[in-house]
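Letter by letter, the chains look like this.
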Amino acid sequence: MALKVYNTISGKKEDFTPLSEGKVKLYVCGVTVYDHCHIGHARSAIVFDTIYRYLLSKNYEVTYVKNFTDIDDKIIKKSQTENIPWQEVGEKYIRSFYDDMDALGVLRPDHEPRATQHIGDMIALVDTLLKKGHAYNIDGDVYFSVESFKNYGQLSKRSLEEMVAGARVEVDERKRNPLDFALWKASKEGEPSWDTPFGAGRPGWHIECSVMSTLYLGNPFDIHGGGKDLVFPHHENEKAQTEAATGERFVNYWIHNGFVNIDREKMSKSIGNTLSIKDFLKEYHPEVLRLFFLSNHYRSPVDYNEQSIEDVNRALHRLYYTRQRAMEAQKGGKVEPRTYPEADEIAKKFVDAMDDDFNTALALSYVFELSKEINRMADEKDESTAGLIAYAEGIYELLAGTLGLFTDSIEALESQERIRHLTRTGLDGTFVEQAINDRVEARKNKDFKKADEIRNMLAEKGIMLLDTPKGTQWRVKHSVS
RNA sequence: GGCGGCAUAGCCAAGUGGUAAGGCGACGGUCUGCAAAACCGUUAUUCUCCGGUUCAAAUCCGGAUGCCGCCUCCA
């Protein structure tokens, strides 16, 4: 089966055919760097990271570009309220962005251009649009004329009439059409400014993506992605201004990911229910978030809530335990992998699922199926299965790796969880160790009453004890269940 | 007001014509001083409701109800 991709512009799943065989040009709208990223940004990043990884796994030669919008109204505002130069606002949040993305295991794109590095190209594009009559200059503000572009509304499937009728925008009387949008803004006193033939000022919101995408990928290019909210107006406008300037099609496949709600409510700054990536990572392993998003179809809205995250956290551990068991089953000598057809069959289904518009939820179900297969074989405790397990594990790692999972060991997963728990609760690690030692001693003396008391005492502090052959260990006992 | 989406077991969630993936939970078992963890097994004759098309529908059509998103900065 060939790769099928849901294209926003057609509203259908389409066979994916890149412009140049074996090569994919991918552009994803990055962030405007005026604040720390929240889990909505994380979803977009993880969705497209997964698409990127999958394309690579299919041996496509992918050129992946993700931009930083580092000049914008919100950045200027932040610089004013915090009284720091606007450039520093950008630098600060770009660093923050990288910290988050690296933690989440998001692969770096090939190019990560910043808007301010391409001001000259933006000026040239605005100039072209002016010369072609698609834009007009009013006192240094340059607007794109939506009526001059016949396909305006094609992406978001709206007509100009509908939009004007339903518009709740403040009408700027100077504009020819209320939907005309700024390509270039005249700068006010104290704002960043660049000199241009049409007046000193700064770029409008959409122009940077038109410039950077086509500059690094050519025009047209294959895939343009981003969050669903960007369909209108951002991508509609990007498309309009690019196609008006070039006279050619801009993008072949538009891919948009759904939103993140929190407790069934839209996550937004005004409601005050945003959850930053950094705050999330204080509580959970980054792969919990990844697995959570991949358990849902990328186009559907997803509801973030404590219960779901706990469920996913357990599921993630399950996958890791299986991996651990598989490794242990191969200990004690070199194991020659022996072809295990069931594993090949599962791998094939995994690919089919991913080929069907990146159905990660279905693909994951096959990873769990393979986990079960491996455990069944490991349960047999039969030396002869070691080769089969080795083979199955190879595939298991491959599939999970394609989804960006298994970047840690189970030991790291659990020790990080313990550290997070101690930090969160303010508990002293040595106190816990001491209590565990006391209990070990009590158990040796068959003083099970005391042993159970200690166990209960720790349980109240969210600590769960495990008496394993290797000794007593502890894990975090999650309250929600 | 205009446009669009969604409704599947206790919870989360795939599935767009061929007879309901997967995860969590629960229950049973193995293990254990007892537990826990881990693993295995079981867990929806049915897909919001009412009509219709079809040999066949969760899937298509019509209607009803409920929830949500976009149209304004937003991943």
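Model, not experiment: these values are computed from the prediction. (Residues numbered from 1 in each chain as written. Chains lettered and ligands numbered in written order. Predicted model: local features only at pLDDT ≥ 70, side-chain atom pairs only at ≥ 80, totals over all residues. Heavy atoms only, no water.)

When helices and strands are counted, chain A shows 16 helices and 15 strands. Taken along the three principal axes of its C-alpha coordinates, chain A extends 90 × 50 × 35 Å. Counting only residues that meet the buried cut, chain A has 51% of its 481 residues in that class. In chain A, of all internal contacts separated by at least 6 residues, the share reaching a separation of at least 24 is 76%. Of the roughly 22400 Å² of accessible surface on chain A, a fraction of 49% belongs to carbon and sulfur atoms. Side-chain charges of chain A comprise 64 positive and 77 negative groups, with the mean position of each set lying 3 Å from the other. (Helix = DSSP H or I, 4+ residues; strand = E, 2+ residues; numbered from the N terminus. Buried < 20%, exposed > 50% of the residue type's maximum accessible area, 1.4 Å probe, protein only. Contact = heavy atoms within 4.5 Å. Areas by Shrake-Rupley, 256 points an atom, 1.4 Å probe, with all protein chains shown as cover. Lys, Arg positive; Asp, Glu negative; His and termini not counted. Charge placed at Lys NZ, Arg CZ, Asp CG, Glu CD.)

All right, on to the domain arrangement of chain A then. Each assigned domain of chain A is listed here: domain 1 (18-266), domain 2 (306-402) and domain 3 (427-476). Spacing between the C-alpha centres of domain 2 and domain 3 amounts to 33 Å. (Domains from an automatic or database assignment.)

Further remarks concern empty space enclosed by the protein. Summed over all chains, the structure comprises 2 cavities of 30 Å³ or more. When its volume is computed, the largest cavity comes out at roughly 50 Å³. Val 47, Thr 50, Ile 51, Phe 293, Leu 294, Tyr 298, Phe 358 and Thr 360 together form the lining of the largest cavity. Of all the elements in the fold, those that place two or more residues in the lining of the largest cavity are helix H1 (39-57) and helix H9 (286-294). When residues in the lining of the largest cavity are grouped by element, the largest group, 3 residues, is from H1. Lining the second largest cavity we find Lys 66, Phe 97, Tyr 98, Met 101, Val 106, Leu 107, Arg 108, Pro 109 and Glu 112. (1 Å grid on protein atoms, 1.4 Å probe; cavity = no way out; pocket = protein on both sides within 12 Å on 5 of 7 lines; lining within 4 Å. Points joined across faces, edges and corners; volume = space filled by probe spheres on them.)

Let us look at the packing of aromatic side chains. Counting across every chain of the model gives 21 aromatic pairs. Between Tyr 54 and Phe 358 the ring centres are 6.3 Å apart and the planes differ by 85°, which places this aromatic pair in the edge-to-face class. Remark: Phe 358 occurs in the loop between helix H11 (341-355) and helix H12 (360-379) and Tyr 54 occurs in helix H1; sequence separation between them is 304 residues. One aromatic cluster in this structure is built from Phe 280, Tyr 284, Phe 292, Phe 293 and Tyr 304. The aromatic ring of Tyr 34 is capped on one face by Lys 74, whose charged end is 5.2 Å from the ring centroid. Here the guanidinium or amino end of Arg 418 rests over the ring plane of Trp 474, the centre of that ring lying 5.9 Å away. (Phe/Tyr/Trp six-rings, centres within 6.5 Å; stacked < 30°, edge-to-face > 60°. Lys NZ or Arg CZ within 6 Å of the ring centre and 35° of its normal.)

Moving on, we get to the pairing of strand S2 (residues 12-15). One face of the sheet, then the other: side chains in a regular strand alternate in exactly this way. One ladder, built from 4 bridges, connects strand S1 (residues 4-7) with S2; its direction is antiparallel. Paired with Val 5 across the strands is Glu 14, a residue of S2. Where S1 folds back on S2, the antiparallel hairpin that results is connected by 4 residues, among which Gly 11 adopts a positive phi of roughly 70°. (Pairing = 2+ DSSP bridges.)

Quick look at unusual backbone geometry now. Of the consecutive residues Asn 219 and Pro 220, the connecting peptide bond is found in the cis state with omega at 0°. Along the polypeptide, Pro 220 turns up in the loop between helix H6 (207-217) and strand S9 (221-227). The omega torsion across Phe 232 and Pro 233 is 5°, close enough to zero to call that bond cis. Within the secondary structure, Pro 233 is located in helix H7 (residues 231-246). If you check the backbone angles, Lys 157 has positive phi at about 55° while not being a glycine. Mapped onto the secondary structure, Lys 157 falls in the loop between strand S6 (141-144) and helix H5 (160-166). For Lys 157, a relative accessible area of 47% corresponds to the partly exposed category.

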